[in-house]
Amino acid sequence: MDFKRELKERTENIEKILAVFAPEEQGFQKTIFQAMNYSLMAGGKRLRPLLIQETYRLFGGSHEAVIHPFMAAIEMIHTYSLIHDDLPALDNDEYRRGRKTSHVVFGEAMAILAGDALLNYAYEIAAGAFDLAENDVEFRRVARALQVLTAKPGIYGMIGGQVVDVEKEGEGLEKPVLDFIHEMKTSALIECAMMIGAILAGAGDEAVEMIEKIGKNVGISFQIQDDILDVTSSLEVLGKQTHSDEKNHKTTYVTLFGVEGAAAESERLSNRAIEWLEALSKDGKAGNPFLEELICQLVHREK
């Protein structure tokens, strides 16, 4: 398998899907559409829609049109969270994905509205999957997937983690609190993506629960690597400002365990996720070598 080539092809396909669902920049309110698209179409890893797609394929999903609205929706939700994270009231970052952040280009008020708009539009887009369901069984799967999409980014997921992250800024955190922040702020949306893919493909309850555990480990591992790169990388490579955790007085795995210790924990969590994934594949599934390699690559990425 040529992983880099396949990743490039999959990412390019996701860009095309996003372009289909992106709002047209016209009308009296076109500024909000411009601000939404500025951040949404700025590139990036497209990890979350990729995880929906690859988990759907893991469980033998065969009607990929039904996952496209969810792929676009979860990237819109992720993008909204980045726009708001970068605001002066939160992380106050000026660069994201190699370009000026939304509030720098469009102003703080329009950036807030762009984030709000992407979140609302994401649910509008995802609900369109009901029209694509081919039968009652798939219709019910869409309903269940939509429940996950509305819950994981919310107060018991991503926003809950952001709240604790903001409240604890400048405080020295112990590992349990830091893990809670990572699990909610980062893992929740990765869990969301993988669970949606599994549900839409028809996975059973036990398999979906296992996928949620895998997503949790992948998410924490991903965030630890992000913390490492904040210390070891550069704006030119990473596409966003480095040393922002230090600037905002945030405790990270690097703060607690050093770069090597953090890297070892990221590796451990990733390996466990792959072990669980392989166990699922042996349990009557064809497996997905690309998904396994993707998880491996996330731990060793340089940006």
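So, a few notes on the structure that sits alongside this text.

Scanning the protein for helices and strands turns up 14 helices and two strands. Over its C-alpha atoms the protein spans a radius of gyration of 19 Å, differing by no more than 12% from the 19 Å that the globule rule assigns to 303 residues. Taken along the three principal axes of its C-alpha coordinates, the protein extends 50 × 50 × 35 Å. Sequence-distant contacts, at least 24 apart, represent 73% of the contacts inside the protein between residues at least 6 apart. Here the protein displays about 13800 Å² of accessible surface, and carbon together with sulfur accounts for 52% of that area. With 32 positive and 49 negative side-chain charges, the protein shows a separation of 2 Å between the mean positions of the two kinds.

Okay, the packing of helix H2 (residues 30–40) against helix H6 (residues 108–127) next. Remark: H2 packs on H6, axes separated minimally by 9 Å, with the N-to-C direction vectors making an angle of 80 degrees. By the criterion of interaxial angle, the relationship of H2 to H6 is roughly perpendicular. Between H2 and H6, the contacting residues are Thr31, Ile32, Ala35 and Met36 on the first element and Met110, Leu113, Ala114, Ala117, Leu118 and Tyr121 on the second. Tallied by class, the residues present in the contact of H2 with H6 amount to nine nonpolar, one polar and no charged.

On to the side chain of Thr251, then. In this structure, Thr251 sits in the loop between helix H12 (244–247) and helix H13 (253–282). Relative accessible area serves as the criterion here: at 12%, Thr251 is assigned to the buried category. One polar contact links the side chain of Thr251 to the main-chain carbonyl oxygen of Glu171, over a distance of 3.2 Å. Polar contacts involving the side chain of Thr251 include one to the main-chain amide nitrogen of Leu173, which spans 3.2 Å.

This next bit is on the packing of aromatic side chains. Scanning the entire structure with this criterion turns up four aromatic pairs. With a centroid separation of 4.7 Å and 45 degrees between ring planes, the pair formed by Phe130 and Phe139 is classed as tilted. On the accessibility criterion, Phe139 (42% relative accessible area) is partly exposed. An angle of 45 degrees between the planes, with centres 5.5 Å apart, marks the rings of Tyr253 and Phe257 as tilted. With Tyr253 and Phe257 both in helix H13 and four residues apart, the pair spans about one turn of that helix. Since its relative accessible area comes to 41%, Phe257 is described here as partly exposed. If you follow Arg99 out to its NZ or CZ, it ends over the ring of Tyr38, 3.9 Å from the centre.

Following the sequence through the fold, Glu134 ends up in the loop between H6 and helix H7 (136–151). Glu134 sits in the exposed class, given a relative accessible area of 59%. Sequence-wise, Glu134 and Leu40 are 94 residues apart; in three dimensions their C-alpha atoms are separated by 29 Å.

Residues Phe59, Phe70, Met76, Leu149, Ile196 and Ile211 are the most contacted members of the largest nonpolar core, which totals 72 residues. No other element matches the eleven residues that helix H9 (residues 175–201) contributes to this core.

The subject of this paragraph is empty space enclosed by the protein. The full count for this structure, using the stated rule, is two cavities of 30 Å³ or more. Taken together, 13 residues line the largest cavity, and the ones lying closest to its centre are Ser39, Ile83, Asp86, Arg96 and Ser102. Within the residue set of the lining of the largest cavity, elements represented by two or more residues are H2, helix H4 (68–85) and strand E2 (99–100). With three residues, H4 is the single largest residue contributor to the lining of the largest cavity. For the lining of the largest cavity, the residue count by class is four nonpolar, four polar and five charged. Empty space within the second largest cavity amounts to approximately 70 Å³. Asp85, Leu90, Asp91, Gln162, Asp165, Val166, Glu169, Lys185 and Lys250 together form the lining of the second largest cavity. Looking at side-chain class alone, the lining of the second largest cavity contains two nonpolar, one polar and six charged residues.

Rules of the game
Residues numbered from 1 in each chain as written. Predicted model: local features only at pLDDT ≥ 70, side-chain atom pairs only at ≥ 80, totals over all residues. Heavy atoms only, no water. Helix = DSSP H or I, 4+ residues; strand = E, 2+ residues; numbered from the N terminus. Rg over C-alpha atoms; globule rule 2.2 N^0.38 Å. Contact = heavy atoms within 4.5 Å. Areas by Shrake-Rupley, 256 points an atom, 1.4 Å probe, with all protein chains shown as cover. Lys, Arg positive; Asp, Glu negative; His and termini not counted. Charge placed at Lys NZ, Arg CZ, Asp CG, Glu CD. Axes fitted to C-alpha atoms, helices over the stretch in contact; angles between N-to-C directions. Parallel < 35°, antiparallel > 145°, perpendicular 65-115°, else oblique. Nonpolar A, V, L, I, M, F, W, Y, C, P; charged D, E, K, R; others polar. Buried < 20%, exposed > 50% of the residue type's maximum accessible area, 1.4 Å probe, protein only. Polar contact = N/O pair within 3.5 Å; in protein donor to acceptor, adjacent residues only side chain to side chain. Phe/Tyr/Trp six-rings, centres within 6.5 Å; stacked < 30°, edge-to-face > 60°. Lys NZ or Arg CZ within 6 Å of the ring centre and 35° of its normal. Core = buried A, V, L, I, M, F, W, Y, C linked by side-chain atoms within 4.5 Å. 1 Å grid on protein atoms, 1.4 Å probe; cavity = no way out; pocket = protein on both sides within 12 Å on 5 of 7 lines; lining within 4 Å. Points joined across faces, edges and corners; volume = space filled by probe spheres on them.

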